[in-house]
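A look at the structure
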Amino acid sequence: MRELKVLCIQLGFGPQYPDMSTLATTYNDGIYYVASFLQRAIPQVQIEMCQMFWGEDPLTFEIGTYDYILVSALGTHFWSNLQLLETLQARKREGARIIMGGPHATFAPYEALKYADFVVLGEGEIPTVQLIEALESGEGLDEVENLCYLDGDQVLVMNRFVRYGNLDNTIDPSLLKRAPRLHWATVSMSRGCPFNCSFCYAIRVLGRRFRAKSLKSIVTELDGIHQQTGCSRFYVTDLNFTTRPEFCASVAYELRHRNYHFIAMSRIEVADDTTLLLGLKEVGFQEYCLGVESENAAVLKAFNKSVDASRQMERLLRLAQCGIYTHSAIIFGLDSQDLETMSQTARWCAEARIMHPTFVCLAEYPFQKLLFGSRQDVEDHRIIMEIPTYQHYSFVGIFPRRMRPSRLQQAILDSYQTFFKRALEIEQEPQRRMRLKCYARSVAESVRGMKTHIEALRKIEAPYYSSDEQLDEDMLKDSFERAHGHLRKQLETSIRREPGFLTAFKA
Ligand code: B12
Ligand code: SF4
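Throughout, residues of each chain are indexed from 1 in the direction in which the sequence is written. The order in which chains are written sets their letters, starting at A; the order in which ligands are written sets their numbers, starting at 1. Totals for whole chains, interfaces and linings use all residues, but because this is a predicted model, local features are given only for residues with pLDDT of at least 70 and pairs of side-chain atoms are given and counted only at 80 or more.

Here we come to the domain arrangement of the chain. Note: interface size is frequently given as the accessible area lost on complex formation between the parts. You can read the domains of the chain as domain 1 (4–122 + 124–162 + 497–502) and domain 2 (183–461). Centre-to-centre separation of domain 1 and domain 2, based on C-alpha positions: 27 Å. Note on contacts: each residue gets a C-beta atom placed from the backbone, and two residues are in contact if those atoms are within 7 Å. Opposite the 24 residues of domain 1 that make contact, domain 2 presents 31 residues. Taken together, the elements giving at least two residues each to the side of domain 1 that touches domain 2 come down to helix H1 (20–24), helix H3 (75–80) and helix H5 (103–107). An automatic or database domain assignment supplies the residue ranges for each domain. Secondary structure follows DSSP: runs of H or I at least 4 residues long count as helices, runs of E at least 2 residues long count as strands, and numbering of each begins at the N terminus.

Moving on to the packing of helix H16 (residues 405–426) against helix H17 (residues 430–461). Relative orientation of the contacting elements H16 and H17 amounts to 165 degrees, with a least axis distance of 8 Å. In terms of axis orientation, H16 runs roughly antiparallel to H17. Our pair here, H16 against H17, has a crossing hand that is left-handed. Residues Pro405, Ser406, Gln409, Gln410, Ile412, Leu413, Tyr416, Phe420, Ala423 and Leu424 of H16 form the contact with H17, whose participating residues are Arg433, Leu436, Ala440, Val443, Val447, Met450, His453, Ile454, Leu457, Arg458 and Glu461. Basically, the charged four are Asp, Glu, Lys and Arg, the nonpolar ten are Ala, Val, Leu, Ile, Met, Phe, Trp, Tyr, Cys and Pro, and anything else, Gly included, counts as polar. Across the contact of H16 with H17, the residue classes break down as 14 nonpolar, 4 polar and 3 charged. An axis is simply a line fitted to the C-alpha atoms; with a helix, the fit covers only the stretch in contact. Between two such axes, the angle follows the N-to-C directions and lies from 0 to 180 degrees. Angle categories are assigned with fixed cut-offs, so that under 35 degrees is roughly parallel, over 145 is roughly antiparallel, 65 to 115 is roughly perpendicular, and the rest are oblique. If you view the pair so one helix is near and one far, a crossing is left-handed when the near helix is turned anticlockwise from the far one by less than a right angle, and right-handed when it is turned clockwise.

With that settled, the discussion passes to the environment of Thr229. Assignment of secondary structure puts Thr229 in helix H9 (residues 215–229). Whether a residue is buried, exposed or partly exposed follows from its count of other C-beta atoms within 10 Å of its own C-beta, namely 20 or more, 12 or fewer, or something in between, respectively; the C-beta atoms are built from the backbone. Judged by C-beta crowding, with 17 C-beta atoms within 10 Å, Thr229 ranks as partly exposed. Between the alpha carbons of Thr229 and Asp117 there is a distance of 34 Å; along the sequence they are 112 residues apart. Not counting residues within four places of it along the chain, the set of residues in contact with Thr229 comprises Leu176, Ala179, Leu182 and Ala185.

Taken together, 42 residues surround ligand 1, and among them Gly30, Ser72, Leu74, Gly101 and Gly124 come closest. The element that contributes the greatest number of residues to the shell around ligand 1 is helix H2 (residues 29–41), accounting for 5 residues. Classifying every residue of the shell around ligand 1 gives 21 nonpolar, 18 polar and 3 charged. Being near a molecule or strand means, for a residue, that its backbone-placed C-beta atom lies within 6 Å of it.

The biggest cluster of nonpolar side chains holds 143 residues, and the ones touching the most others in it are Ile69, Leu70 and Val119. Looking at which element gives the most residues to this core, the answer is H2, with 7 residues. Looking at which domains feed residues into this core, each of domain 1 (4–122 + 124–162 + 497–502) and domain 2 (183–461) supplies at least three. If near-sequence neighbours (up to four positions away) are discounted, Val119 is found in contact with Met100, Gly101, Ala105, Pro109, Ala112, Leu113, Cys148 and Tyr149. What we call a nonpolar core is a set of buried Ala, Val, Leu, Ile, Met, Phe, Trp, Tyr and Cys residues whose membership is set by joining through C-beta atoms within 7 Å.

Turning next to unusual backbone geometry. Notably, Gln154 is not glycine yet its phi reads approximately 65 degrees, a positive angle. Judged by local crowding, Gln154 falls into the exposed class, with 9 C-beta atoms found within 10 Å.

Among the 9 residues in strand S13 (residues 285–293), 8 count as buried, and that is most of the element. When DSSP finds at least two bridges between two strands, those strands are taken to pair. As judged from the 5 bridges shared by strand S12 (residues 261–266) and S13, these two strands associate in the parallel manner. Bridge pairing in S13 links Ser266 to Leu290. One ladder, built from 5 bridges, connects S13 with strand S14 (residues 325–332); its direction is parallel. By the bridge assignment, Tyr288 is partnered in S14 with Thr326.

Here we take up helix H13 (residues 312–321). Taken together, the buried positions of H13 are occupied by Gln312, Arg315, Leu316 and Leu319. Burial along H13 is one-sided: seen end-on, the buried residues are contained in an arc of 95 degrees. In H13, the exposed positions that point more than 90 degrees away from the buried face belong to Glu314 and Gln321. On its buried face, H13 sits against S13 and S14. Where H13 terminates, the next one or two residues include Gly323, which has phi positive at roughly 80 degrees. The reported arc concerns the directions from the helix axis to the C-beta atoms and nothing else.

Moving on to the sheet that holds strand S15 (residues 356–361). Pairing in this open sheet of 6 strands is parallel, and the strands run S8-S11-S12-S13-S14-S15 from one edge to the other. The two strands at the open ends of the sheet, each matched to only one other strand, are strand S8 (185–187) and S15. Here the average twist between neighbouring strands, direction ignored, is 20 degrees. Across the sheet, H9 touches S8 and strand S11 (233–236), and the angle it forms with S8 is around 160 degrees.

In structure tokens, the structure reads:
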């Protein structure tokens, strides 16, 4: 194969909507895994990374010199960078290909394909290698897994969808050579989660089969990133790190002589195994992002959360007693959640001693049933699409039935006030109070973006709500059909799929 120049771009957030999750983010690991795997599989590939989260600008790279441009994006990144994507298309050399992957490309391939020649759904490592090999050798594309593209008749083709086994992939630390001082570095130790919460798009990207990396790879990767960047705090992006206690115990054993710190994601049941919890804490697992979502049994049931709501409080308190800091997204937006319920939930978070709750709005992509046979809690017409806050859950992205979207956004802001007031009454330990005050300062940074969004929502929602805040759903449906009905029809008639696609996607 000829020598290939590849540029990998992680698209960034829109600057007009600052938010604590955008300000705290260092890099998303997905594109680094794809780039590392590609480099190892095809030695003729020379990779350059462009990380917009650190302020790098893709247009300062010589776009016309690359053979392949790989782009990774969440929904909000995509809609904040349309002009850049257009410029990339215009500046790329003739014959060069743009390949998009990551969550947005997976859930809205029809949008990504307006700017990309190819889209890779789900895990990107193997399909990217297959695609580049097929294009370089001039073979057909039929055997390229998870590939999606428009054929000559503009028909959306979706090839065979595959969930992979254990790739045991590690980030090549040299890809982080231009990293600024990181407050944490993201890595993944396992992929997949066996649960099936209805709002969860993560399992739709990475699948429901838990696959742990080898301990050797985990340790080598951490040491390599630490040496390259100096960072010794790691954000473990695994969907549900504590799925298998024996895996966690062996990770703890391997890391016993390192002085690293970790934030990991887990389900709340982790609180039941204090031996494991304290063993992990000793080697640096002092913080968890938990899937709490709510204290309310009906809300948890509606989300298919499979958790005992009556035990949420007891488990969270035990974590606090063990000296563990907890983060959690708290989801609003169901019909049953009125202003009073939301306020109660915010107070409850303080009483359950969650340290970093993030109050968010339920979000969905349209056409998921059609494309992937997935369940949607929010119907297509109630989704606010195609704006820079799209699928950024801190910013309301749906039309609730019994409350204006701008009211829900204000309630999200108010929830933080309710939470901090109560939490500072309850927490007496100086370190926990300091953490709370720090968190309150970072939340304050988000207020400007949320207020801007409230103004934008007021304009969007104006025609659809009565003075008592009830949604005129028929009117909304009509507008949706006028704006997007043709797209649904086009998708319905266009999609061509390999047999077994839907079953594989849901696995
Ligand atoms: C860990 C995590 C976080 C962490 C850390 C994020 C980080 N810096 O890495 C925290 C909690 C901070 C976070 C915050 C947010 N997150 Co988050 N997060 C995740 C989670 C659970 C794992 C991400 C991850 O790194 N996984 C491990 C790697 C290996 O997987 P991956 O990134 O998906 O990459 C693979 C494929 O996508 C693909 N791929 C990726 N890029 C590319 C590029 C090319 C060219 C190709 C071919 C393939 C490819 O191949 C990769 C390897 O197999 C995902 C869900 C998921 N992806 O499973 C949500 C997810 C990405 N987050 C989401 C959101 C919305 C956010 C926030 C905007 C939340 C908010 N406040 O509203 C912020 C934004 C911050 C950010 N950095 O983007 C959504 C995205 C929705 C969307 N479609 O846009 C997801 C999908 C969650 C969900 N709904 O289920 N997040
Ligand atoms: S437990 Fe967490 S990662 Fe697993 S399906 Fe539910 S929300 Fe997704």
